[in-house]
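Architecture and fold: a report
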Amino acid sequence: MTTTTTTATTCFLFFLLPLLITTIISPVASAGKGQWQLLQKNIGVVAMHMQLLHNDRLIIFDRTDFGRSNISLPDGKCRNDPKEAVVKTDCTAHSVEYNVISNTFRPLFVQTDVWCSSGGVNPSGTLVQTGGFNDGNRTIRTFEPCNNCDWQEFDSELLASRWYATNHILPDGSQIIIGGRRQFNYEFYPKNNIGAKKLYSLPFLAQTNDLGTENNLYPFVFLNVDGHLFIFANNRAILFDYNKNQVVKTFPQVPGGDPRSYPSTGSSVLLPLKNLQSRAIEAEVLVCGGAPKGSYQRAVKKEFLGALNTCARIKITDPEPEWVVETMPEGRVMSDMVILPNGDVLIINGAGSGTAGWEIGREPVLNPVLYKTKNRTGSRFESQNPSNTPRMYHSSAVLVRDGRVIIGGSNPHFGYSFGNVLFPTELSLEAFSPSYLEPGFSNVRPRIVSSIIGSQKYGQKLKLRFQVKTKLDQNLVYVTMLAPSFNTHSFSMNQRLLVLDSNKVVKVKKTTFEIVVSMPGSSVLAPPGFYMLFVVHKEIPSEGVWVHIV
């Protein structure tokens, strides 16, 4: 067992940081389909959960009851837990901090079990992580983005056990924590007022609970532009007023009736929100993949049904919304959906048959698929170059500021198993670089040169200066703002991209330009916190810069 340490870097920089990667990118199989890069062969833990912070660090963790991991805790530290079923005195880490810039990592100390938990980042940039299993099911943990910080844990802070729950950041910066195994309710954090100290019933979760499979776990939750929550579980969805504890609207069932949430485990995103002052903002949700009804029961008997090959898209702001079904190139279960800076969606990881759970997924799907949001129905999917590494149950994926997607995890076993199994436990980290990062687009790619972005207020105007080496097409320039997400079990909580309202591009010098954009007008559109800001030219995004909206 080894310990890898990271060099000290500045905790938070408002100016642009170059992302210096020490690993060499290998040649691609064919142009235009993305590139794969091995970052670390062994980070010591399974990347079951991942969250990017605004200091360009990824917080990664799996669970404490796997037994010993492959990375030691520093300075002779050990976990001592008499309640632990596997190893009561454990001197290995079950969480690491990965530095995206330096491609290094260091072990972190987490005491209580974080298995199948949830989380989100508060307005100040601190990760708030909730629940888990066993002694961690009612624990709140926080992690501040600074050098040499570690987990802080607060036992019994939650009112109910939260295992397989979903968190969402609300307009006031607090978080709502919804569901979990056998928890048909929700609560709020922090508990700084009387309302936040209560537990609220949510019958919808009981109504969507299939006994024996519980296809209502890790529900897909998005904050709508009207301030209500879109909540999807199993094959159904509602629009929910969490302030009044009322269902505002019931959406039609997804055509076909097959379940899409855990353990049938499809994935879902809120498609880009166009923050244009000239018209009302529309909101659309996309749900892709999953497993046919009955897959879990069949899989435990070693009968592996093919995964669903459909996506369903619905405009939730329509008075009478209907699902529009599209067909993917292949079926996928346990895949992740990552919104890219230009608004496209990368569908990555997962299996072609079976379902989520121990040893019951088969046929790894190695090639990502790009969902081109702006294309017409029938021409939105584009297969990408494959990885060589199966990413099955307990894998994850997140976007980082330079436009790559970091992928890790895969452990469909109880404990770490590296041999004599169909899919060995995977401790590596990879990066997938979408085709917009290819060298051939370097002349088209914008580079933000504004030295200071800093904190921004709602509705504030922001002047961005950027450079483009080749001739600029002013009509094909726009600015996006993307919230980093908490990713686990094929769902990225709090993932949200806004296309900002902007003025015309002004030429400053030969290759230097300025654009003035409007920050979102309210915290309903963009809850307070840190976002990655990108300039996009001809669908090629710049490297992002961090902006703090308050």
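None of the values given here were measured: they were computed from a predicted structure. (Residues numbered from 1 in each chain as written. Predicted model: local features only at pLDDT ≥ 70, side-chain atom pairs only at ≥ 80, totals over all residues. Heavy atoms only, no water.)

**Quick word on the state of the cysteines**
Taken as a whole and judged by the stated rule, the model has three disulfides. With its sulfur 1.7 Å from that of its partner, Cys146 forms a disulfide with Cys149. For Cys149, a relative accessible area of 14% gives the class buried. (Disulfide = S-S within 2.5 Å. Buried < 20%, exposed > 50% of the residue type's maximum accessible area, 1.4 Å probe, protein only.)

**A look at the sheet that holds strand β25 (residues 336–339)**
Backbone hydrogen bonds are what pair the strands of a sheet, in a parallel or an antiparallel way. Taken in spatial order, the four strands line up as β25-β26-β29-β30 in an open sheet, and their pairing is antiparallel. Each edge of the sheet is formed by a strand with only one pairing partner; in this case those strands are β25 and β30 (381–383). In this sheet, adjacent strand axes meet at a mean angle of 25 degrees when their direction is disregarded. Across three bridges, strand β29 (residues 369–371) lies against β30 in antiparallel orientation. If you follow Tyr371 over to β30, its bridge partner there is Phe381. (Pairing = 2+ DSSP bridges. Helix = DSSP H or I, 4+ residues; strand = E, 2+ residues; numbered from the N terminus. Axes fitted to C-alpha atoms, helices over the stretch in contact; angles between N-to-C directions.)

**Focus on the layout of surface pockets**
Counted as a void, the largest pocket has a volume near 710 Å³. Lining of the largest pocket is provided by 33 residues; of these, Lys274, Leu276, Arg279, Lys374 and Val499 occupy positions nearest its centre. Counted by class, the lining of the largest pocket contains 16 nonpolar, eight polar and nine charged residues. (1 Å grid on protein atoms, 1.4 Å probe; cavity = no way out; pocket = protein on both sides within 12 Å on 5 of 7 lines; lining within 4 Å. Points joined across faces, edges and corners; volume = space filled by probe spheres on them. Nonpolar A, V, L, I, M, F, W, Y, C, P; charged D, E, K, R; others polar.)

**Examining the environment of Val345**
On the secondary structure map, Val345 appears in strand β26 (residues 345–348). Taking relative accessible area as the criterion, Val345 reaches 0% and is therefore assigned buried. As a C-alpha pair, Val345 and Val269 span 76 residues in sequence and 8.4 Å in three-dimensional space. Those residues in contact with Val345 that sit more than four places away from it in its chain are Val269, Leu271, Met337, Val338, Ile339, Val369, Leu370, Tyr371 and Thr373. (Contact = heavy atoms within 4.5 Å.)

**Describing a nonpolar patch on the surface**
A cluster of nonpolar side chains, contributed by Val86, Trp358 and Phe414, occupies part of the molecular surface with about 290 Å² of accessible area. Counting through the fold element by element, Phe414 comes out in the loop between β32 (405–409) and β33 (429–433). The class of Phe414 is exposed, set by a relative accessible area of 54%. (Patch = residues over 30% accessible without salt bridge, like charges linked within 9 Å, V, L, I, M, F, W, Y side chains within 5 Å. Areas by Shrake-Rupley, 256 points an atom, 1.4 Å probe, with all protein chains shown as cover. Salt bridge = Lys/Arg side-chain N within 4 Å of Asp/Glu carboxyl O.)

**Remarks on the sheet that holds strand β10 (residues 140–143)**
Taking strand neighbours across the sheet as the criterion, the four strands line up as β8-β9-β10-β11 in an open arrangement whose pairing is antiparallel. Every other strand in the sheet has two partners, leaving β8 (118–121) and β11 (152–154) as the edge strands with one partner each. The sheet shows a mean angle of 20 degrees between the axes of neighbouring strands, direction not considered. The pairing of β10 with β11 spans three bridges and is antiparallel. Considered in β11, the bridge of Ile140 is made with Phe154.

**Section: the pairing of strand β16 (residues 220–223)**
Here β16 shows two buried faces, one formed by Phe220 and Phe222 and the other by Val221 and Leu223. Sheet topology note: the β16/strand β17 (residues 229–233) ladder contains four bridges and is antiparallel. From the neighbouring strand, Phe220 faces β17, where its bridge partner is Phe232. Hairpin geometry of β16 and β17 is characterised by an intervening segment of five residues between the two adjacent antiparallel strands and by a positive phi of about 90 degrees at Gly227.

**Let's talk about the side chain of His413**
Among the secondary structure elements, His413 is positioned in the loop between β32 and β33. A polar side-chain atom of His413 sits 2.5 Å from a polar atom in the side chain of Glu359. At a separation of 2.4 Å, a polar atom in the side chain of His413 contacts the main-chain carbonyl oxygen of Phe423. Excluding anything up to four places from it in sequence, His413 contacts Phe66, Trp358, Glu359, Val421, Phe423, Pro424 and Thr425. (Polar contact = N/O pair within 3.5 Å; in protein donor to acceptor, adjacent residues only side chain to side chain.)

**Overview of empty space enclosed by the protein**
Scanning the model with the defined rule gives six cavities of 30 Å³ or more in all. Roughly 150 Å³ of volume is contained in the largest cavity. Along its surface, the largest cavity is lined by 13 residues, and Val121, Ile169, Ala483, Asn494 and Tyr531 are the ones closest to its centre. When residues in the lining of the largest cavity are grouped by element, the largest group, three residues, is from strand β43 (residues 529–537). Of the residues belonging to the lining of the largest cavity, the class tally is eight nonpolar, four polar and one charged. The calculated volume of the second largest cavity comes to roughly 70 Å³. Lining the second largest cavity, in full, are Leu52, Val338, Ile339, Val398, Leu399, Leu482, Ala483, Pro484, Ser485, Gln495 and Met532. Mapped by element, the contributors of at least two residues to the lining of the second largest cavity are β25, β31 (395–399) and β37 (477–483). Broken down by class, the residue content of the lining of the second largest cavity amounts to nine nonpolar, two polar and no charged.

**With respect to the confidence of the model for the protein chain**
Here the protein chain shows a mean pLDDT of 92. Residues at 70 or above account for 94%. Every residue in residues 1–30 scores below 50 in pLDDT, and together they form 83 contacts with partners more than four places removed in sequence or on other chains. (pLDDT = per-residue confidence, 0-100.)

**Side note on the packing of aromatic side chains**
Taken as a whole, this structure holds 30 aromatic pairs when the rule is applied. Each ring, one from Phe222 and one from Phe491, has its centre 5.8 Å from the other, and the planes form 75 degrees; the classification is edge-to-face. Placement of the pair is Phe222 in strand β16 and Phe491 in strand β39 (residues 491–493), with a sequence separation of 269 residues. Members of the aromatic cluster, joined through ring pairs, are Trp115, Phe133, Trp163, Tyr164, Tyr218, Tyr262, Trp358, Tyr393 and Phe414. The cationic tip of Arg63 hangs over the ring face of Trp115; the distance from NZ or CZ to the ring centre is 3.4 Å. (Phe/Tyr/Trp six-rings, centres within 6.5 Å; stacked < 30°, edge-to-face > 60°. Lys NZ or Arg CZ within 6 Å of the ring centre and 35° of its normal.)

**Considerations on the environment of Gly290**
In this structure, Gly290 sits in the loop between β22 (284–288) and α2 (295–299). Relative accessible area serves as the criterion here: at 0%, Gly290 is assigned to the buried category. Taking the C-alpha atoms as reference points, Gly290 and Lys197, 93 residues apart in sequence, are found 35 Å from one another. Contacts of Gly290, omitting those with residues within four sequence positions, involve Pro259, Ser264, Thr265, Gly266, Ala307, Leu308, Arg332 and Val333.

**Quick look at the nonpolar core**
In this structure, Ile60, Phe230 and Met481 are the most contacted members of the largest nonpolar core, which totals 135 residues. If one sorts the elements of this core by residue count, β43 sits on top with seven residues. When near neighbours in sequence (up to four residues on either side) are disregarded, Phe230 contacts Phe220, Val221, Phe222, Ala237, Ile238, Leu239, Phe251, Val285, Ile316 and Trp323. Ile176, Tyr186, Phe204 and Leu205 belong to the second largest nonpolar core, which has 17 residues in total. (Core = buried A, V, L, I, M, F, W, Y, C linked by side-chain atoms within 4.5 Å.)

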